[in-house]
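Tertiary structure, described
Below, each chain spelled out in residue letters.
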Amino acid sequence: MKTLWNRTFTWIDERVQLSDVMHFLEKKSVPVHSHSVWYYFGGVSLFLFIIQVVTGILLLLYYKGSEELAFESIQFIMAKVEFGWLIRSIHSWAANLFILSAFIHMFSVLFEKAYRKPRELTWLSGMILLFLGMGFGFSGYLLPWNEVSFFATKVGTDIAGVLPIVGEPIMVFLRGGEDVTGATLSRFFGFHVAVLPGIFTVVLGLHLLLVQRQGMSKPLSYERLPVTDQKTMPFFPNFMLRDLLLWLLVLNLLAILAVFFPWELGVKADPFAPAPAGIKPEWYFMFMFQTLKYIPGELWFLEGEVVGILLFSLAGVVWMFIPFWDKKSSRGEENRFINYIGLFALIYIIILTTIGWLS
Amino acid sequence: MALVNNNALAIVLCSVLALPTAFGTAQAQDQCLTCHSTLEDNASTAFKGDIHFRNGLTCASCHGGDSHTDDMEKAMGTAAGFIGVPKGDRISVACAKCHSDAGVMVKKYNSAIPLDQMELVGGSVHGKLSTSGREHIAQCTSCHGAHGIVTKTNRSSPVHPLNLPATCAKCHSDATFMRTYNPSLPVDQLEKYKTSVHGKRNKNGDPKTAECASCHGSHEILSAKDPRSQVHPTKLPATCAKCHSDATYMRPYGIASDQFEQFARSVHGQALLEKKDLGAPACNDCHGNHGAAPPGVESVSKVCGTCHALNAELFSSSPHKKAFDSRKLPECETCHGNHEIVAAKDELLGVGEGAVCAWCHKENSNIKGYQIARTMRSLADSLIVSEENAIMLVDEAEQKGMEVGEAKFKLREIRQARLETRTKVHSFDLDQFSEVATRGFGSAAKVSTEASEAIDQYYFRRWGLFIASLIITILAFALYISIRRIEKEQVQNR
């Protein structure tokens, strides 16, 4: 058996120099410190994304992206296709866990200042991946064409439409017309299975490449330790096996969620029916949605909603470019201001999401 | 509908003659009437019998001008405010000048006539613009006439109950005229009315029976499709009940006065009056409206069959048709009643308590019908049980979070079959009834199987999860041991 393995390895090595990769992995090490646990969330996000791709492809075999058949095709997947219910539930749960894991990953990177030079592009590509992930969520939410998703999409695209000058064209572009119709569904389906995955794959490749090239970031406190006190572990196999262990636990969690809390399908969307009470967006948009509710109808000479969206856009840009304006961290100095901003954002998101969820 | 025709030549002649007249004080100075009376024209002749004349009004009250002078130029001059024969809306404006003025009607004449007639007509269907677009469809004179106006209780009034049908028919029976306003509105209302009980009594001089205004109102008439109209389906029963629920009013006619109460309790009444379901029948749907009459024994099934077509058809081809006809039993009414028709539930079928079949089919006298009724009821009951069982299983599967949308949809097939059996009862043919019931049983079996499978699947998933979790946990544990072993080896190698 060992001979066969060696022969196979040698056969591949002669052609693609696999030993170079093995050598690189053996040399690669991961810092060990009290915050090492946060390193795993990048891997968990990646694992969940892979699950999304696999289950998404399986769903694609039966899903029909049209106004007349979308709901029925999901119904068919859940009731008639062998393990269709499991695939769909895992796809939906994994999507939410992916966003959660990505958020945790982002905040851990922020608090550790892991974005500092030379990892500005890694942060930037990570942020783009998070936005794309939220785009996946927004576009995928409509695909079952049920009542809740239909009206949530209507509200979501309406919000985009209130922006001055660009709002209306953006809304029409997203909807494929003036209203949320079958054209919107086709469009969102296209975004969800072709446009976004394409862009995501490229950015993810870049993100992973940068991580591999630059290695794991070391916290400032760790860097200040004498080299002899800087504990590390080999990436391969130690860190990779730990990653794998966590992936198994996440897989188990997904299976439990899918079986005990199967993702509901609800009632088919009826564009002529009045919107049901309590329409809410997905939880990761909730803090923004809830904030817009609190902003008065008019602020100065602008619509309150417009002010809210502009403020969120501004905050998003500022957040995205943190590595470029936080020079202090790049110089290796402690920057508590970033911690306060991060803490404020975290508490704000948790509180507003909770209020939105309970209201 | 002109009030009078001017005859210039006659008036010139009149002004020359200027004969004295012997009318009352006010009218003594009414030179217009003096002059026109000598001409013996219709207007002046009729005006002498007019209620307005009796109350001291003169020609100038409506036509303007100066009725005190015998100088025709002055009397009919624009300086004196003479407007001639009012045309179009100016007719009603002239009437409203007094009839909408409390100062004139109440203070001066102590009249109890409502002051809002003009306003009501304006909002009514007759207050819409005519085809010319210059005036409203009807003016006061269209119904009340012009110079010979008398109170509506006066037998000669065109709006007296005995004359009103003909007055309305002047326009409403004129197909050419009506086509210009409402081509879909029938023009045979008067003809139908003449055949109705109301119409016959009206013709025989009974002013108490309903005529047009009794149901449609007078000045405030609205289209029957208008929810505010007294004859809108949701209001019609109450409109009929104004007379028909008045026991004192109905006593001379020997008619019961509880129809409205019965109807309100009936399945039709509840649908129409409570749920505002316009598909449910109002009084006129069974009795006719303008030709209102109680349906005869032979026409009851035709009346009910207008809506319940399948039931009526099945009944007509059933053995009961002949049996009912020979006994002169009203077809539908015999089992279902008339005004107080209750929802047709399965309890009506069979031979038990509350079942109508047993009224005629006795165990010892009419055994075949008795057995068929009993079997049908037994099948109907079994179908209900099957449906309930299927619903229970579907609910259970749904509560367990299983996708049973298709099974839920198929529940409709059972319900459909159950409702269809209620129709098929009217064939009184056990084979036809059983065929539908069997279809229902088949659907119930399918739904129950699907729901049961979903429930089994629920438990299968839990077992599957347990096994999968166990495998993953073992793998994770093995991995953990492996990591520990590798790291231990690494420490030892250092």
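Remember, predicted model here, so these are calculated numbers, not experimental data.

**A few points about the overall build of chain B**
Scanning chain B from terminus to terminus reveals 28 helices and 0 strands. The 494 residues of chain B split such that 28% are buried. Intrachain contacts of chain B at a sequence separation of at least 6 include 54% that bridge at least 24 residues.

**Concerning the overall build of chain A**
Assigned secondary structure in chain A consists of 16 helices and 4 strands. Sequence-distant contacts, at least 24 apart, represent 77% of the contacts inside chain A between residues at least 6 apart.

**Describing the interface of chain A and chain B**
Opposite the 19 residues of chain A that make contact, chain B presents 19 residues. Examining the composition of the side of chain A that touches chain B, we find that 13 residues originate from one element, helix α11 (residues 235–260) of chain A, more than from any other. Grouping the constituent residues of the side of chain A that touches chain B by class yields 15 nonpolar, 3 polar and 1 charged.

**Quick look at the environment of A:Tyr294**
Positionally, A:Tyr294 belongs in helix α12 (residues 283–294). Of the residues examined, A:Tyr294 has 10 C-beta atoms within 10 Å and is grouped as exposed.

**Examining the confidence of the model for chain A**
Put simply, chain A has an average pLDDT of 92, and 99% of its residues get 70 or more. Within chain A, the lowest mean pLDDT, 80, falls on strand β3 (residues 298–299) of chain A, and the highest, 97, falls on helix α3 (residues 40–60) of chain A.

**Quick word on the confidence of the model for chain B**
Residues and elements named next belong to chain B. Put simply, chain B has an average pLDDT of 87, and 94% of its residues get 70 or more. Of the regions scoring below 50 in pLDDT, residues 1–26 engages in 33 contacts with residues more than four places distant in sequence or in other chains. Across the assembled chains, the prediction reports ipTM 0.84 with pTM 0.65.

**What about helix α9 (residues 182–214) of chain A?**
All names here are of chain A. With 33 residues, α9 should reach 48 Å at 1.5 Å per residue; the first-to-last C-alpha distance of 46 Å fits that figure. The largest bend in α9 is about 45°, located at Phe191. The set of residues buried in α9 consists of Thr184, Leu185, Arg187, Phe188, Phe189, His192, Val193, Phe200 and His207. The secondary structure elements touched by the buried residues of α9 are α3, α4 (70–79), α6 (120–142), α7 (147–161) and α8 (167–175). Directly after α9, the chain includes Gly215, whose backbone phi takes a positive value near 75°.

**Regarding the nonpolar core**
Most often, soluble globular proteins have nonpolar side chains that are buried together. Core analysis: the largest hydrophobic core is formed by 67 residues, its most contacted members being A:Leu48, A:Ile90, A:Ala94, A:Phe98, A:Trp145 and A:Leu254. At the level of secondary structure, the elements contributing two or more residues to this core comprise α3, α4, α5 (84–112), α6, α7, α9, α11 and α12 of chain A. Other than its neighbours up to four places away in sequence, A:Trp145 contacts A:Glu67, A:Ala70, A:Phe71, A:Phe150, A:Leu185, A:Lys268 and A:Ala269. Counting 25 residues, the second largest nonpolar core, distinct from the first, contains B:Met376, B:Ala397, B:Ile414 and B:Val436.

**Concerning unusual backbone geometry**
Geometrically, the link from A:Lys117 to A:Pro118 is a cis peptide bond, its omega value of 15° lying close to zero. Structurally, A:Pro118 can be placed in the loop between α5 and α6. In this structure, A:Pro237 follows A:Phe236 across a cis peptide bond, with omega equal to 5°. Looking at where A:Pro237 falls in the secondary structure, it is placed in helix α11. Positive phi values are uncommon outside glycine, yet B:Asn110 reaches one of about 50°. Inspection of the secondary structure puts B:Asn110 in the loop between α9 (102–108) and α10 (117–123). Classification of B:Asn110 by C-beta neighbours within 10 Å gives exposed; the count is 7.

**Section: helix α28 (residues 430–493) of chain B**
Over its 64 residues, α28(B) extends 92 Å from the first C-alpha to the last, a length consistent with the 94 Å expected when each residue adds 1.5 Å. Buried within α28(B) are the following residues: B:Phe433, B:Val436, B:Ala437, B:Gly440, B:Ser443, B:Ala444, B:Val447, B:Ser448, B:Glu450, B:Ala451, B:Ala454 and B:Arg461. In this fold, the buried residues of α28(B) make contact with α11 of chain A together with α26 (367–399) and α27 (405–424) of chain B.

**Examining the packing of α6(A) against α7(A)**
Residues and elements named next belong to chain A. At their nearest, the axes of α6 and α7 sit 8 Å apart, and the two run at 135° to each other. Classified by the interaxial angle, the pair formed by α6 and α7 is oblique. Only Ser149, Phe150, Ala152, Thr153 and Gly156 of α7 make contact with α6, whose side of the interface consists of Phe138, Tyr141 and Leu142. For the contact of α6 with α7, a count of residues per class yields 5 nonpolar, 3 polar and no charged.

**Overview of the environment of A:Ala114**
Residues and elements named next belong to chain A. Inspection of the secondary structure puts Ala114 in the loop between α5 and α6. Look at Ala114 and you get buried, because 23 C-beta atoms sit within 10 Å. In sequence terms Ala114 and Ser217 are 103 residues apart; their C-alpha atoms lie 5.5 Å from each other. Setting aside chain neighbours within four positions, we find Ala114 in contact with Val109, Arg119 and Ser217.

About the thresholds
- Residues numbered from 1 in each chain as written.
- Chains lettered and ligands numbered in written order.
- Predicted model: local features only at pLDDT ≥ 70, side-chain atom pairs only at ≥ 80, totals over all residues.
- Helix = DSSP H or I, 4+ residues; strand = E, 2+ residues; numbered from the N terminus.
- Buried ≥ 20, exposed ≤ 12 C-beta atoms within 10 Å, placed from the backbone.
- Contact = placed C-beta atoms within 7 Å.
- Nonpolar A, V, L, I, M, F, W, Y, C, P; charged D, E, K, R; others polar.
- pLDDT = per-residue confidence, 0-100.
- Expected span 1.5 Å × (residues − 1).
- Bend = angle between axes of the 7 residues up to and from the residue.
- Core = buried A, V, L, I, M, F, W, Y, C linked by C-beta atoms within 7 Å.
- Axes fitted to C-alpha atoms, helices over the stretch in contact; angles between N-to-C directions.
- Parallel < 35°, antiparallel > 145°, perpendicular 65-115°, else oblique.

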